[in-house]
Amino acid sequence: MKKTNNLYFILLLTGSLIMGSCKKSYLVQNPNDSLTPDQALSSESGLTSAVNGAYAGLRTQNNNVALYGRDFPIIGDLMADNTFVESQNSGRYLIQYNYTMSSSDDIAAAIWSNAYTDIMRVNRVIDANVTGTKVASIKAEAYAIRGLLYFKLVTFFAKPYTDDPNALGVPLVLHYDPYNLPGRNTVTEVYQQILRDLQKGFQDGPDYVNSSRLSKYAIEALLAKVYLYMDDNANAKAAAVDVINNGGFTLVNPGNYDTYWADPAHRTDMVETLFEVDADVINNNGFDDFAGMYLNGYDDIYASMQLYNLYSATDVRQTVMAVGSTKGGANAIVVTKFPNATNGDRDNIKVLRLAEVYLIAAEASLPGNEADALSYLNALMAQRDPSFAGYSSTGAALLNDIVTERRKELAFEGDRFFDMNRLKLPIVRAGNPGAIPAPLNIPYPDDRRLGPIPLTEIQSNPNIAGQQNPGY
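An account of the accompanying structure is given in this report. (Residues numbered from 1 in each chain as written. Predicted model: local features only at pLDDT ≥ 70, side-chain atom pairs only at ≥ 80, totals over all residues. Heavy atoms only, no water.)

Below, the discussion takes up the overall build of the chain. Of regular secondary structure, the chain possesses 17 helices and eight strands. Taking the principal axes of the C-alpha coordinates as reference, the chain spans close to 80 × 45 × 45 Å. Per-residue burial for the chain yields a buried fraction of 58% across its 472 residues. Counting only carbon and sulfur atoms, one obtains 52% of the accessible surface of the chain, whose full area is about 18,300 Å². The averaged location of the 51 negative side-chain charges in the chain is 4 Å from the averaged location of its 38 positive side-chain charges. (Helix = DSSP H or I, 4+ residues; strand = E, 2+ residues; numbered from the N terminus. Buried < 20%, exposed > 50% of the residue type's maximum accessible area, 1.4 Å probe, protein only. Areas by Shrake-Rupley, 256 points an atom, 1.4 Å probe, with all protein chains shown as cover. Lys, Arg positive; Asp, Glu negative; His and termini not counted. Charge placed at Lys NZ, Arg CZ, Asp CG, Glu CD.)

This brings us to the pairing of strand S5 (residues 331-335). Across the five residues of S5, four count as buried, placing the element largely inside the fold. Bridge count between strand S4 (residues 321-325) and S5: five bridges; the pairing is antiparallel. If you follow Met-321 over to S5, its bridge partner there is Val-335. As consecutive antiparallel partners, S4 and S5 are separated by five residues, and within that stretch Gly-329 has a phi angle of approximately 95 degrees, a positive value. (Pairing = 2+ DSSP bridges.)

Quick look at the packing of aromatic side chains now. What the rule picks out here adds up to 21 aromatic pairs. Ring geometry for Trp-112 versus Tyr-116: centroids 5.1 Å apart, planes at 55 degrees, classification tilted. Note that Trp-112 and Tyr-116 are positioned in helix H6 (residues 106-127) at a spacing of four residues, about one turn of the helix. The interplanar angle of 80 degrees and the centroid separation of 5.1 Å between the aromatic rings of Phe-151 and Tyr-229 together place this pair among those described as edge-to-face. You can see Phe-151 sitting in helix H7 (residues 135-157) and its partner Tyr-229 sitting in helix H9 (residues 216-229), a full 78 residues away along the chain. Neither residue differs from the other here; Phe-151 and Tyr-229 are each classed as buried. Taken together, the ring pairs connect Tyr-257, Tyr-260, Trp-261, Phe-290, Tyr-294, Phe-338 and Phe-412 into an aromatic cluster. Sitting over the ring of Tyr-298, Arg-92 keeps its end group 3.9 Å from the ring centre. The ring of Phe-418 carries Lys-152 above its face, with NZ or CZ at 4.4 Å from the centroid. (Phe/Tyr/Trp six-rings, centres within 6.5 Å; stacked < 30°, edge-to-face > 60°. Lys NZ or Arg CZ within 6 Å of the ring centre and 35° of its normal.)

Time to look at helix H4 (residues 71-78). With eight of its eight residues buried, H4 lies for the most part within the structure. Taken together, the buried positions of H4 are Asp-71, Phe-72, Pro-73, Ile-74, Ile-75, Gly-76, Asp-77 and Leu-78.

This next bit is on the environment of Ala-128. Residue placement: Ala-128 occurs in the loop between H6 and H7. Taking the C-alpha atoms as reference points, Ala-128 and Asn-340, 212 residues apart in sequence, are found 38 Å from one another. When sequence neighbours within four positions are dropped, the list of residues in contact with Ala-128 reads Leu-41, Leu-47 and Lys-139. (Contact = heavy atoms within 4.5 Å.)

Moving on, we get to the nonpolar core. In a soluble, globular protein the nonpolar side chains are often hidden away together inside. Ranked by size, the top nonpolar core spans 150 residues in total, and within it Ile-111, Tyr-150 and Phe-275 carry the most contacts. The leading source of residues in this core is H7, at 14 residues. Residue contacts for Tyr-150: discarding those within four places in its chain leaves Tyr-116, Ile-119, Val-170, Pro-171, Leu-172, Val-173, Leu-174, Val-190 and Ile-194. (Core = buried A, V, L, I, M, F, W, Y, C linked by side-chain atoms within 4.5 Å.)

A few words now on the pairing of strand S2 (residues 273-277). For S2, a buried count of five out of five residues is recorded, marking the element as mostly surrounded by other parts of the structure. Relative to strand S6 (residues 349-353), S2 is paired through four bridges, and the arrangement is antiparallel. Residue pairing for S6: Phe-275 is matched across the bridge by Leu-352.

Before going further, it helps to examine the packing of helix H14 (residues 370-384) against helix H15 (residues 395-409). Interaxial distance between H14 and H15 falls to 11 Å at its minimum, and their mutual angle equals 30 degrees. Two packed elements cross with a definite hand, and for H14 against H15 that hand is left-handed. Across from Glu-370, Ala-373, Leu-374, Leu-377, Leu-380, Met-381 and Arg-384 in H14, the residues of H15 making contact are Gly-395, Leu-398, Ile-402, Glu-405 and Glu-409. Grouping the amino acids of the contact of H14 with H15 by side-chain chemistry returns seven nonpolar, one polar and four charged. (Axes fitted to C-alpha atoms, helices over the stretch in contact; angles between N-to-C directions. Left-handed = near helix turned anticlockwise from the far one by under 90°. Nonpolar A, V, L, I, M, F, W, Y, C, P; charged D, E, K, R; others polar.)

Printed below as a string of structure tokens:
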């Protein structure tokens, strides 16, 4: 029997997992440990449990580390120019690194199936007919998770909005229907749904409790990022500035930068982290932890010299990298940003940080307000490289400086590849000692910069069968 990842089976499976089993008798009774979907989602506590399950699904599902568990933060740098795979490796991510993906690629299929499974979870929460004082804020988190997942799906499987908003995006599935076989919506339709979800999430979003939950201003930060990816600078800046001025978050200062990254616990102090996917002593990905790809685990991936050479000697961000060697003994820059891969409490996966919000505000101030762009950029730089006098560039040079600082700030957090796509930058990868020999130059556009719609989806869903991305 062939493996299936299509949306029909995801919908069917989601319903069956919630429903459980029941037996026939004169009086049909559900087992004590089994609830129908309506029963499971008939109270505030039931909705909270379901949303908690969706948060957990961002990290792992059925022992699969797709999404933020590993795939998103790894491939976002590896498919760009920030990292490389060393020659003595465990065999992971070689297809993505070498740009040899096919429609049967397991990672693309896992991203697709895990994302839609989690979307089904939050759809049930959003559609639940429940009343209560906390229902709106619980559903706001569900809307935000759905918006986040569709944002990640559309940036991986579709052309950037800045290229062709009318291109094929990904299927929008907003309600549970096991018989639905959706085709791909357009990129515009997907982005408009993301905006609706995030706007609803921001409107009713909960106050901040800790960094493992999507609170009101974390949702607005994500909204700012989505606007930036749409090249809607006015709205991107307005949202980012609101987070900076009213969110209550602060940038981590230079003296605490190493401690900030070394601490695996979620935060309650509103320093830097707006949202992160939690990995604690009990709930973690074990030996498949994403941090282990860099250090204290598989040790397969290292920082490129292209990236490392961008930092000045006084930049605190250089301190989460160390001059060392690969497993094979070649000189290399070891990524130490996530040092807890073998500890009981693992590194959380950062999704949204205040530093990125400053960079969004800076980039979105252009081209019309260079003074604001410099102000937001240099406010961040004062906390990252206090010895640096600050930028004073203008025009195209200023935009390039912002993009470069974005690369340096978000390194190893999974953004570089998607930034290069939205900005239509060529991916030019130089050679590194000890690396698999894969120097490459992939201009924009190139079909290989889009993920393949999984073959199982193409084979099982007639409405998407003719909608594969070109080149697969």
